[in-house]
Amino acid sequence: MVVTDGKRPAGQVNSDQPTWRTSRLQHRSDWFTLVGAMLCGSVVLGPIGLPVLIYGIVLYRKAERAGELTRPRTMSVVMLFILVDAALNYVAWGIDLFPSHDTALGLTWWAGLGRTLDAAYYIDYNTTHLGGTAFVAEKALQIGCVLMLFPMRIAGAWALLQFRRWGHQVVIMTSWGYILVWVVWLSQLAMGWDQRMAHSLYGWFGYLTLCVLGFLGAFVTLPYLYSIDTRTWD
Amino acid sequence: MSQSLKPATNTRHTSAKRQRSFAAFYCFTILIWMSAGIAGVVIGALSGTGTGVGDTRLQPLTAKPPVYGSITADGWRLGVTFLALALLPVFWYGFLRALGAFGSRDEVPSATEKQQRDSLIGGECDNTLATSVAYRLSLLSLVVLLVFGNFFLPYVVLRWGWGGV
């Protein structure tokens, strides 16, 4: 069985100690974790984000050892995964959607990924009026996800970490949105098979193992989210 | 979900029912993922290419060359992009928090943070399957994402060169 805080004897937590809202350690840990997760998901600044993220986790462990009333570990791990996962998809697609697709950095990332995994990101890249990928279905999904779904999910995950009931609702809602996007995205990928998978180095095998697995998160975290009792939350 | 704070009299029954519904959801997840994987292999086999196992037909890069050749020269483009990406979640946080105020119509007694934490831990203990799967797979996926996020850019630079050309 996984080590969760649910197994910890109640006596180990000193209720007189600071809680996650008043604890400086937990507060700092939250911010370092958030910034680290965003940087890790930023495609470009990942190597900087990793130490920041690890420092946030170290602060969390320190708060735990000090006997503070920390947030349960399972929830912290699940939310951290949701944040990194959303940030990675959000920033990567954001680079393709916004003017940065026309920079050497944007082209390096996307043409490289295109040649490796999905040819939609190097064949006729930057040739349409919106720039970035020339595949219209992919671009439409980007607009919906970058402007709405992913920033909503990041905001919701952050609110859920603060034990806000609306954050819980938003993360559940965006999880179903994520699943919807996954189904639509796979369908349009299959319909454009000859243009996309046929001209990438690792084709379907590569996409399935590297990229598509990243979308598993919404599926595996939904039952946990439904099991959370939020009646006493703010 | 019921908003009543009265303790449920049939907790064990409710928990068992919930576990069964979770199991159905996991079956749905496995089914949809296997279907997607098999569909890809079938489509690849029918089209004769695209499975990624040595059957690729790489084309020359047909992208429009980048307008600017270095990171510093195109700073405004990167600046605008990352500023927009930083502000969008902030906007949604404020907007959704304002919408969340609708929830305050429920007359829920205020709870201490210890009570909130205890209710969360109670939920986790009642739903060990969901908690265990979410914890383990989140950790595993997190490691995969961190490796991908940190090392894919260096990989593509080494494999395809800077600028993708």
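None of these values were measured; they are calculated from a predicted model. (Residues numbered from 1 in each chain as written. Chains lettered and ligands numbered in written order. Predicted model: local features only at pLDDT ≥ 70, side-chain atom pairs only at ≥ 80, totals over all residues. Heavy atoms only, no water.)

(A) Geometry of the overall build of chain B. The secondary structure content of chain B amounts to four helices and zero strands. Going from N to C terminus, chain B has its helices and strands arranged as α-α-α-α. The burial tally for chain B puts 35% of its 165 residues in the buried class. Restricting the contact set of chain B to residue pairs at least 6 apart, pairs at least 24 apart contribute 62%. When the accessible area of chain B is evaluated, it comes to approximately 9900 Å², of which 70% is carbon and sulfur surface. (Helix = DSSP H or I, 4+ residues; strand = E, 2+ residues; numbered from the N terminus. Buried < 20%, exposed > 50% of the residue type's maximum accessible area, 1.4 Å probe, protein only. Contact = heavy atoms within 4.5 Å. Areas by Shrake-Rupley, 256 points an atom, 1.4 Å probe, with all protein chains shown as cover.)

(B) Seen up close, the overall build of chain A. Looking only at helices and strands, one finds nine helices and zero strands in chain A. The linear arrangement of helices and strands in chain A, starting from the amino end, is α-α-α-α-α-α-α-α-α.

(C) Spatial organisation of the domain arrangement of chain A. Residues and elements named next belong to chain A. For chain A, the assigned domains read domain 1 (1–71) and domain 2 (83–227). Taken residue by residue, the interface counts 13 residues in domain 1 and 15 residues in domain 2. Interface area for domain 1 against domain 2, summed over the two sides, is near 1300 Å², with a carbon-plus-sulfur share of 78%. Applying the counting rule to domain 1 against domain 2 returns zero salt bridges. For the interface between domain 1 and domain 2, the tally reads one residue pair in polar contact (both at pLDDT 80 or more). In terms of residue class, the side of domain 1 that touches domain 2 is built from eight nonpolar, two polar and three charged. (Domains from an automatic or database assignment. Buried area = accessible area lost by both parts, 1.4 Å probe. Salt bridge = Lys/Arg side-chain N within 4 Å of Asp/Glu carboxyl O. Polar contact = N/O pair within 3.5 Å; in protein donor to acceptor, adjacent residues only side chain to side chain. Nonpolar A, V, L, I, M, F, W, Y, C, P; charged D, E, K, R; others polar.)

(D) Molecular detail of the packing of helix 1 (residues 24–40) of chain A against helix 3 (residues 73–97) of chain A. Residues and elements named next belong to chain A. Between helix 1 and helix 3, the shortest axis-to-axis distance is 7 Å and the interhelical angle comes to 35 degrees. Remark: the crossing between helix 1 and helix 3 carries right-handed chirality. In this structure, helix 1 contributes Thr33, Leu34, Ala37, Met38 and Cys40 to the contact, and helix 3 contributes Leu80, Leu83, Val84, Ala87 and Leu88. Here the contact of helix 1 with helix 3 is built from residues that sort into nine nonpolar, one polar and no charged. (Axes fitted to C-alpha atoms, helices over the stretch in contact; angles between N-to-C directions. Left-handed = near helix turned anticlockwise from the far one by under 90°.)

(E) Quick look at the packing of aromatic side chains. Counting across every chain of the model gives 20 aromatic pairs over all chains. With a centroid separation of 5.8 Å and an interplanar angle of 10 degrees, the aromatic rings of B:Phe91 and B:Phe95 are classed as stacked. Placement of the pair is B:Phe91 and B:Phe95 together in helix 2 (residues 75–100), with a separation of four residues, close to one helical turn. Judged by its relative accessible area of 40%, B:Phe95 falls in the partly exposed class. Above the face of the A:Phe135 ring, A:Arg196 is positioned so that its terminal group lies 5.5 Å from the ring centre. Taking the ring centre of B:Trp160 as reference, the NZ or CZ of B:Arg159 above it sits at 4.3 Å. (Phe/Tyr/Trp six-rings, centres within 6.5 Å; stacked < 30°, edge-to-face > 60°. Lys NZ or Arg CZ within 6 Å of the ring centre and 35° of its normal.)

(F) Spatial organisation of the environment of A:Arg165. Residues and elements named next belong to chain A. Structurally, the position occupied by Arg165 is in helix 6 (residues 165–191). The class for Arg165 is buried, based on a relative accessible area of 11%. In this structure the C-alpha to C-alpha distance between Arg165 and Glu64, which are 101 residues apart in sequence, comes to 24 Å.

(G) How the structure looks around the nonpolar core. Residue and element names in this part refer to chain A. Ranked by internal contacts, the top residues of the largest apolar core, which has 96 residues, are Met79, Trp93, Trp109, Trp110 and Leu113. Tallying contributions element by element places helix 3 first for this core, with 16 residues. Among residues more than four places away in sequence, those in contact with Trp93 are Trp110, Tyr121, Glu138, Leu141, Gln142, Cys145, Val146, Phe150 and Trp185. (Core = buried A, V, L, I, M, F, W, Y, C linked by side-chain atoms within 4.5 Å.)

(H) Inspection of unusual backbone geometry at higher detail. Residue and element names in this part refer to chain A. Unusually for a residue other than glycine, Asp124 sits at a positive phi of about 55 degrees. Positionally, Asp124 belongs in the loop between helix 4 (104–116) and helix 5 (136–161). Classification of Asp124 by relative accessible area gives partly exposed; the value is 37%. Notably, Phe163 is not glycine yet its phi reads approximately 60 degrees, a positive angle. Following the sequence through the fold, Phe163 ends up in the loop between helix 5 and helix 6. Residue classification places Phe163 among the buried positions, given a relative accessible area of 0%.

(I) Summary view of the pattern of salt bridges. According to the stated counting rule, one finds seven salt bridges over all chains in the structure shown. Note that A:Asp102 and B:Arg77 form a salt bridge whose closest N and O atoms lie 3.8 Å from each other. With A:Asp102 in the loop between helix 3 and helix 4 and B:Arg77 in helix 2, this residue pair bridges two chains. The class of A:Asp102 is buried, set by a relative accessible area of 8%. Linked by salt bridges that have partners in common, A:Arg61, A:Glu64 and A:Arg73 make up one network.

(J) Here's a closer look at a positive patch on the surface. All names here are of chain A. Judged by side-chain charge, Arg24, Arg28, Lys62 and Arg65 come together as a positively charged surface patch. Note on placement: Arg28 falls in helix 1. By relative accessible area, which is 33% here, Arg28 ends up partly exposed. (Patch = residues over 30% accessible without salt bridge, like charges linked within 9 Å, V, L, I, M, F, W, Y side chains within 5 Å. Lys, Arg positive; Asp, Glu negative; His and termini not counted. Charge placed at Lys NZ, Arg CZ, Asp CG, Glu CD.)

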